[in-house]
Amino acid sequence: MGENSSPADRSGGSRPARPGQAVLAAGLILLGAILLFALFKNNQVYKSYEVQEQFSRGGDVSVIYRVVDAGILRCGSNGVAMTGRDGSELWDQTYDMSSPVLACSGSYAAVGDRGGAGIYIFDAQGQCGSLTADEPLQDIRISEQGVAAAVLSDSSSSYINLYDKTGKLLVSIKATLGDTGYPQTLALSPDGTYLAVSYLDLSKGKVRTQLKFYNFSEGASEKEIYSETIDGICPRIEYLSGTKAAVFKEKGCSIYSMGDKASKDKEIDFEEDIRSIFTVSGRIGFIFSNSDEKGKYRIRTYDSSGSEGRSIYFDLDYMNVSAAGDNIVVYNDTRAQGFRFSGRQIFDGTFESGIISMMPGWDSGTYWVVDDNNMSLIKVK
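Definitions and limits used
- Residues numbered from 1 in each chain as written.
- Predicted model: local features only at pLDDT ≥ 70, side-chain atom pairs only at ≥ 80, totals over all residues.
- Heavy atoms only, no water.
- Pairing = 2+ DSSP bridges.
- Helix = DSSP H or I, 4+ residues; strand = E, 2+ residues; numbered from the N terminus.
- Axes fitted to C-alpha atoms, helices over the stretch in contact; angles between N-to-C directions.
- pLDDT = per-residue confidence, 0-100.
- Contact = heavy atoms within 4.5 Å.
- Phe/Tyr/Trp six-rings, centres within 6.5 Å; stacked < 30°, edge-to-face > 60°.
- Buried < 20%, exposed > 50% of the residue type's maximum accessible area, 1.4 Å probe, protein only.
- Core = buried A, V, L, I, M, F, W, Y, C linked by side-chain atoms within 4.5 Å.

Tell me what's going on with the sheet that holds strand 6 (residues 100-105), and back it up with residues and numbers.
Consider a sheet: its strands pair through backbone hydrogen bonds, and that pairing is either parallel or antiparallel. Pairing is antiparallel across the open sheet formed by four strands, whose spatial order is 6-7-8-9. The open sheet has two edge strands with one neighbour each: strand 6 and strand 9 (126-132). Each adjacent strand pair in this sheet contributes to an overall mean axis angle of 15°, direction not counted. Across six bridges, strand 8 (residues 118-123) lies against strand 9 in antiparallel orientation.

Okay, structure coming up:
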């Protein structure tokens, strides 16, 4: 027949794999193993940690700590100091305050003596301004550009003063109980051009809020660009961006846009009671009690336009919450759980020393933990 092949060859019997096919099969197996390992790592919840840095609190439990871009701010009644990310002390400013109040934004910080007159303004290099207020200080804020807003009050009136980073007075707004009411809270836009204030108004025999937005940008035709009366209190305002602000009410929040005039973009209302609120990187988080099998508590997140994101569920009986970047941490005095905004849980750890405060660190998987004796940088593992 002129053919050397056997019937088995002609009927498609097994043949040895070619070298290229063997390499391809091995590559696919390796790729599958890598993908499975990555999936495992991405869904792993770390239970332990190691301490990477630690410094003593020096026995002063009243010291306030803030994690900022340049490092760690330590603020107490005797002074304020900045420690860099590498652990070196960048600067140290002494003063004498009975009740210091600290505000931070970007690379700037402001410290004032509540009930007193002294106010200091700092950047990453140290003190850049100071002033003595004409009336007792009640509250303070600072923008990412170093503009500070201070609430000052005497027996009959309140003033909201804006200062530049050197301490020079820029603007003064007078508020009276019979006109606007008493300032509850305030917020500055990142560039310091927009100011939002909620005034507590009791003049009509009921609890109301007078909400006002101001535009202090160069060339603005009007300084007061919005006014609204809201039933109840509005104890918190946060700028989510340069032109978006969230005003928090007892049962939700409203989102406003800034411009030549301000306008209300979105109402977010809830029937259930809000347990906690946090804002970070232009996003808002609300924590509620939850009644189904998904978890004892539920975090509902929103972006700056008011669109709802992914819900996060957890069972930890927490005392506080903090957030930075893409990280959220809820904690009580002995245990903490960390999450991403995507809903992924990354940490569930216990601590022998009691937690006073806990904040996400600069790097992924790191947290700053403050206890009675130390402030420690930990990395989950």
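An account of the confidence of the model for the protein is needed here, citing residue identities and associated values.
Close inspection of predicted coordinates is inappropriate for parts of the model with low pLDDT. The share of residues in the protein with pLDDT of 70 or more is 89%, and the mean pLDDT across the chain is 91. Confidence drops under pLDDT 50 across residues 1-12; counting only partners more than four residues distant or on other chains, this segment forms four contacts.

Can you explain the packing of aromatic side chains? Please cite residues and give values.
All told, the structure shown has 24 aromatic pairs when counted by the stated rule. Judged by centre distance (6.4 Å) and plane angle (50°), the ring pair of Phe55 and Trp368 falls under tilted. With Phe55 in strand 1 (residues 49-56) and Trp368 in strand 31 (residues 366-370), the pair connects residues that are 313 residues apart, well separated along the chain. Residue class for Trp368 comes out buried when judged on its relative accessible area of 1%. Where Phe213 meets Tyr226, the ring centres are 5.9 Å apart and the plane angle is 65°; that geometry is what we call edge-to-face. A residue pair is termed long-range when its members are at least 10 positions apart, and Phe213 in strand 16 (residues 208-215) and Tyr226 in strand 17 (residues 224-231) qualify at 13 residues. Across the pair, exposure class does not vary: Phe213 and Tyr226 are buried alike.

Quick one: what's the story with the nonpolar core, residue by residue and with numbers?
The nonpolar side chains of a soluble globular protein tend to be buried, and buried together. Counting 16 residues, the largest nonpolar core has Leu211, Phe213, Tyr239, Val247, Tyr256 and Met258 as its most contacted members. Of all the secondary structure elements, the ones that give two or more residues to this core are strand 15 (194-201), strand 16, strand 17, strand 18 (236-239) and strand 19 (244-249). Counting residues per element, this core draws most heavily on strand 17, at three residues. For Met258, the residues in contact, after removing those within four places along its chain, are Tyr194, Phe213, Tyr239, Thr243 and Ala245.

Could you give an account of the environment of Tyr367, with specific residues and numbers?
Among the structural elements, Tyr367 can be located in strand 31. Owing to a relative accessible area of 1%, Tyr367 belongs among the buried residues under this scheme. As for Tyr367 and Asn327, which are separated by 40 residues in sequence, their C-alpha atoms are 9.8 Å apart. Non-local contacts of Tyr367, meaning those with residues more than four positions away in its chain, are made with Val329, Gly338, Ile346, Phe347, Met358, Met359, Pro360, Gly361, Ser376, Leu377, Ile378 and Val380.

Run through the pairing of strand 19, naming residues and quoting values.
The element strand 19 is largely enclosed, with a buried count of six among its six residues. Burial along strand 19 is two-sided: Lys244, Ala246 and Phe248 facing one way and Ala245, Val247 and Lys249 facing the other are all buried. Sheet topology note: the strand 18/strand 19 ladder contains four bridges and is antiparallel. Bridge pairing in strand 19 links Ile237 to Val247. Hairpin geometry of strand 18 and strand 19 is characterised by an intervening segment of four residues between the two adjacent antiparallel strands. In this structure, strand 19 lies alongside strand 20 (residues 252-257), joined through six bridges in antiparallel fashion. Within strand 20, the position partnered with Phe248 by the bridge is Cys253.

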